[in-house]
Structures are given as C-alpha cells and as structure tokens.
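# Structure at a glance
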Amino acid sequence: MNRPRAGPYTDRTLNPISSAFQTVLFDAGRLRVGWRVTLFLSALVLASGISCLPLVAVVLASWLMAWIDRRPFSSLGLSSAGLGRQFGLGVALATVMLGALVAAILWLTPSLARWAAPADVAPFWLAFLPLWYLSIAAFEELLVRGYLLQTLAESFGEPVALLATSAGFALIHLGNDHLGPLAVLNLFLAGVLMGALV
C-alpha cells in the first residue's frame, strides 16, 4: 500500500506559513478580536452601500457578526424579552436628562436659548424629525454598544471596552456643526454613562 509521504505542506506541524497564518488570525480556534472588529466595520460599510438607512446597515452587520461568532443575535442586547419595559425606561431616562439640560439652559441663559425651524423645511417634515432622531440614536447605540462593546469586553474587560466605545461614540460626532473640545469631552462622558447603564 502506497501512502503519501508527509511533506512540508501536508503536515500542519511542519508548515511554518500555515502556523503563522493560524497564529495571526486565530486565538483558541476563534478569530482574533482585531480581525472581528475589522470585519464588523467592513460589513457595516458594505451594508451601508446596500441600505440608505444607517440603522438597517448596522443591524445587518451585527447579525452577520453574531452568525460568524456562532452566538444568538440577542446576545448583542437585542432581545425581545422586556423590550417594551427597556424602551420605556430608556425614553424616560433620556427625557429626564435632556429635559433637565434644556431647563438649565433656559434658566441660566434665556436670551441665548432659541430654536427655529429652517426656512426650507416644510412643517409636514418636522413631524418626522422625532422618528429620524430615534433611528439615528438606535444606530449609534447599536454601533458602539452592540457588537463592538460586547466583543471588546470579552477580550479586554468591561472598563477598557467602555472607554474605547465611548471614545468611538465621541468620534462619530466630529462631523457635527459647531462642535468644540468641550462638546467632544461631554460626548465621551455621555458615552461612558450610557455604556455603564447597558
């Protein structure tokens, strides 16, 4: 009986390229965290090309990564159990926090606090603003406190993951108008607060 000889490319223990490849990409049989984060962000960019809605794109990218990691989608914080209660609590907490902020601004600087709808926006479209802002908030939360927070926490611990995703939360707002260093710091601190509540 002729058996093939073990050569440098048939025996994994003798193949340094395969061994290096395994070491760079995998840890304990699982894709390393840096590669998983890169794959998530790449999937998000690709899904953004498919959908014009950022929320849909981040849901698709999160679902793909949950499937690759062989974990349930609900492990990313999207469980239907208690959804109404959690949503209501989140809306109530945001309303109290933002209401207190607006009340403080109106009380401390009433002459500076004013809001006017842009002239080119029809009142009809103003009715959709709450829905638009809610979808953007859901996108941001799922982006930084969904797959990324869970994955980073598994590898580096919750404090590091919370600080990293809070920095990411502040960075995604850098394109906003009139954003100064104090606002970026406040966004980072808000990210820490919201991440700690998750």
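Structural data are supplied above this passage.
Given the structure is predicted, the values throughout are model-derived calculations rather than measurements. (Residues numbered from 1 in each chain as written. Predicted model: local features only at pLDDT ≥ 70, side-chain atom pairs only at ≥ 80, totals over all residues. Heavy atoms only, no water.)

### Quick notes on the overall build of the protein chain
Helix and strand counts for the protein chain stand at 8 helices and 2 strands. Reading the helices (α) and strands (β) of the protein chain from amino to carboxyl end gives α-β-β-α-α-α-α-α-α-α. Relative to its 198 residues, the protein chain shows a buried fraction of 21%. Looking at the protein chain alone, contacts between residues at least 24 apart form 55% of all its contacts between residues at least 6 apart. (Helix = DSSP H or I, 4+ residues; strand = E, 2+ residues; numbered from the N terminus. Buried < 20%, exposed > 50% of the residue type's maximum accessible area, 1.4 Å probe, protein only. Contact = heavy atoms within 4.5 Å.)

### Brief notes about the environment of Val160
Along the polypeptide, Val160 turns up in helix 7 (residues 158-171). With relative accessibility at 45%, the residue Val160 sits in the partly exposed group. Along the sequence, Val160 and Leu149 sit 11 residues apart, while their C-alpha atoms lie 9.4 Å from each other.

### Quick notes on the packing of helix 6 (residues 129-156) against helix 7
Helix 7 packs onto helix 6 with a crossing angle of 150 degrees between their chain directions and a minimal axis gap of 8 Å. Here helix 6 lies roughly antiparallel to helix 7, going by the angle between them. When the axes of helix 6 and helix 7 are compared, the crossing they make is right-handed. Touching Glu140, Glu141, Val144, Arg145, Leu148, Leu149, Leu152, Ala153 and Phe156 of helix 6 are Glu158, Val160, Ala161, Leu162, Ala164, Thr165, Gly168 and Phe169, all from helix 7. (Axes fitted to C-alpha atoms, helices over the stretch in contact; angles between N-to-C directions. Parallel < 35°, antiparallel > 145°, perpendicular 65-115°, else oblique. Left-handed = near helix turned anticlockwise from the far one by under 90°.)

### What to know about helix 2 (residues 33-50)
Compared with the 26 Å implied by 1.5 Å per residue over 18 residues, the 26 Å span of helix 2 between its first and last C-alpha is a close match. Turning to helix 2, its buried residues number three or more, namely Val33, Arg36, Val37, Phe40, Ala43, Leu44 and Ala47. Down the axis of helix 2, the buried set is contained in an arc of 125 degrees. They therefore lie on one face. Projecting away from the buried face of helix 2 at angles above 90 degrees are the exposed residues Val45, Leu46 and Gly49. Elements that come into contact with the buried residues of helix 2 comprise strand 2 (30-31), helix 3 (54-68) and helix 6. (Expected span 1.5 Å × (residues − 1). Arc of directions from axis to C-beta.)

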